[in-house]
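# Per-entry structural report
Here is what each chain is made of, one letter per residue.
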Amino acid sequence: MRTTVAFVLAMLTNSPSVDAKEARCSLEPQTCTDWAAAASLGDGVRTVFRDAKTDEEQETHGESMLAANTKRSTELMANEEKEEWSTKYEMARRRQQAEMEASNSKVGELEKQEEERAQEALRAQHARERERLLEERAREQEQRAAHEQALREREEKATCKHASITVHKADGLLEQDSSIDPYVKVTYRGQENKDLTFQTKYEAHTTNPTWNHTETVLLCNAMAPMRFAIYDRNWMTDTLVAQAELAGR
């Protein structure tokens, strides 16, 4: 117990250790030796205590630094994990956005193709409908033409008559040139109000030909005139010699 008290006093300061020593020696002479030993060790003990305190402070400071470094490392790791998570999230978001854009583009392309197919089908339907209408119109026109033709034919049958036309002869054709080879072309009005023609044989080297040619024809317009034209037959081009007209009645 005496040694402990002296140790504590020695840790505080040298003077209190000496005072304690003197006070203790005056009261208890038998303990003076122990107090003296304690007093003489005061400086050394204080030094040991200070070294221990310094070690403790250094240890405490080291622990604080370790804790701070650990905290800092934890924070850095957390920040790195946060940045990594943020990067992964951004990459995933961009990938999802790209997939959505690709999907939307594909959907848009499919819709466009579907619309084009629908438009093509509609155009084809319109083309078929137009072709059908044209065919119906053509059939109607054909039927109308056939009907009109039938009407004309009935009318012509009602108004047309068979007739015999005879070309007898001609006198005094180019008397100054007896080398002509005359023949006659006869033009009359036939069916469908068309002009039809027949001709006689030619007579060689005469200006007073006699043909006596008879032709049976179908006259459909009694009011139309009948024309007679006499030509000279040549090797290259026939020459008109004379012409006459028989008025209709």
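Residues numbered from 1 in each chain as written. Predicted model: local features only at pLDDT ≥ 70, side-chain atom pairs only at ≥ 80, totals over all residues. Heavy atoms only, no water.

## Examining the sheet that holds strand β6 (residues 239–246)
Quick note on the threshold: A pair of strands is considered paired only if DSSP assigns at least 2 bridges between the two. Think of it this way: any DSSP run of H or I at least four residues long counts as a helix, any run of E at least two long counts as a strand, and we number them from the N terminus. Here the axes come from fitting lines to C-alpha atoms, over the contacting stretch only for helices, and the angles between their N-to-C directions go from 0 to 180 degrees.
Pairing is antiparallel across the open sheet formed by four strands, whose spatial order is β3-β2-β5-β6. In this open sheet, the two edge strands, each paired with only one partner strand, are β3 (195–199) and β6. Neighbour-to-neighbour, the strand axes of this sheet turn through a mean angle of 20°, independent of strand direction. Two strands pair when backbone bridges link them, and strand β5 (residues 226–232) and β6 are joined in this way by seven bridges, in the antiparallel orientation. Directly across from I230, in β6, lies its bridge partner A242.

## Some points on the nonpolar core
The test is simple: Definition used in this section: a nonpolar core is a set of buried Ala, Val, Leu, Ile, Met, Phe, Trp, Tyr and Cys residues joined via side-chain atoms within 4.5 Å. Think of it in three bands: residues with accessible area under 20% of the maximum for their type are buried, residues over 50% are exposed, and the middle band is partly exposed, with areas taken using a 1.4 Å probe on protein chains only. Contact criterion: two residues are considered in contact whenever any of their non-hydrogen atoms come within 4.5 Å of each other.
Core analysis: the largest hydrophobic core is formed by 13 residues, its most contacted members being V184, V186, F198, W211 and I230. Among the secondary structure elements, those contributing two or more residues to this core are β1 (161–169), β2 (182–189), β4 (210–219) and β5. If we ignore the near neighbours within four places in the chain, the residues touching I230 are A170, L173, P182, Y183, V184, W211, T239, L240, V241 and A242.

## Section: a negative patch on the surface
To keep things clear, this is the line we draw: Any residue with relative accessible area above 30% and no salt bridge may belong to a patch, with like charges joined within 9 Å and the nonpolar Val, Leu, Ile, Met, Phe, Trp and Tyr side chains within 5 Å. Residue exposure ignores everything except the shown protein chains as possible cover, and the areas themselves are Shrake-Rupley values with a 1.4 Å probe. Salt bridges are identified by distance alone: a Lys or Arg side-chain nitrogen within 4 Å of an Asp or Glu carboxyl oxygen. A positive count includes Lys and Arg, and a negative count includes Asp and Glu. His and the chain ends are not counted in either. Where a charge lies is defined by one atom per residue type: Lys uses NZ, Arg uses CZ, Asp uses CG and Glu uses CD.
On the surface, E109, E111, E115 and E116 cluster together into a negatively charged patch. Note on placement: E111 falls in helix α4 (residues 42–159). Judged by relative accessible area, E111 falls into the exposed class, the value being 54%.

## Re the confidence of the model for the protein chain
Keep in mind that low pLDDT regions are not for reading the predicted coordinates in detail. Here is the rule we go by: Scored between 0 and 100, pLDDT is the confidence that the predictor attaches to each residue.
In this model, the protein chain carries an average pLDDT of 77, and 73% of its residues clear a pLDDT of 70 or more. Taken together, the stretch residues 1–49 has pLDDT below 50 and engages in 33 contacts with residues farther than four places along the chain or on a different chain.

## Regarding the packing of aromatic side chains
Heads up, the rule is: Aromatic rings from Phe, Tyr and Trp, taking only the six-membered ring of Trp, are treated as a pair when their centres fall within 6.5 Å; an angle between ring planes under 30 degrees marks them as stacked, one over 60 as edge-to-face, and anything in between as tilted.
Tallied over the full model, the rule gives three aromatic pairs. A ring pair is formed by Y183 and Y231, whose centres lie 5.9 Å apart and whose planes are at 20°; its orientation type is stacked. Of this pair, Y183 sits in strand β2 while Y231 is found in strand β5, placing the two residues 48 residues apart along the sequence. Looking at Y183, the relative accessible area reads 6%, which means it is buried.

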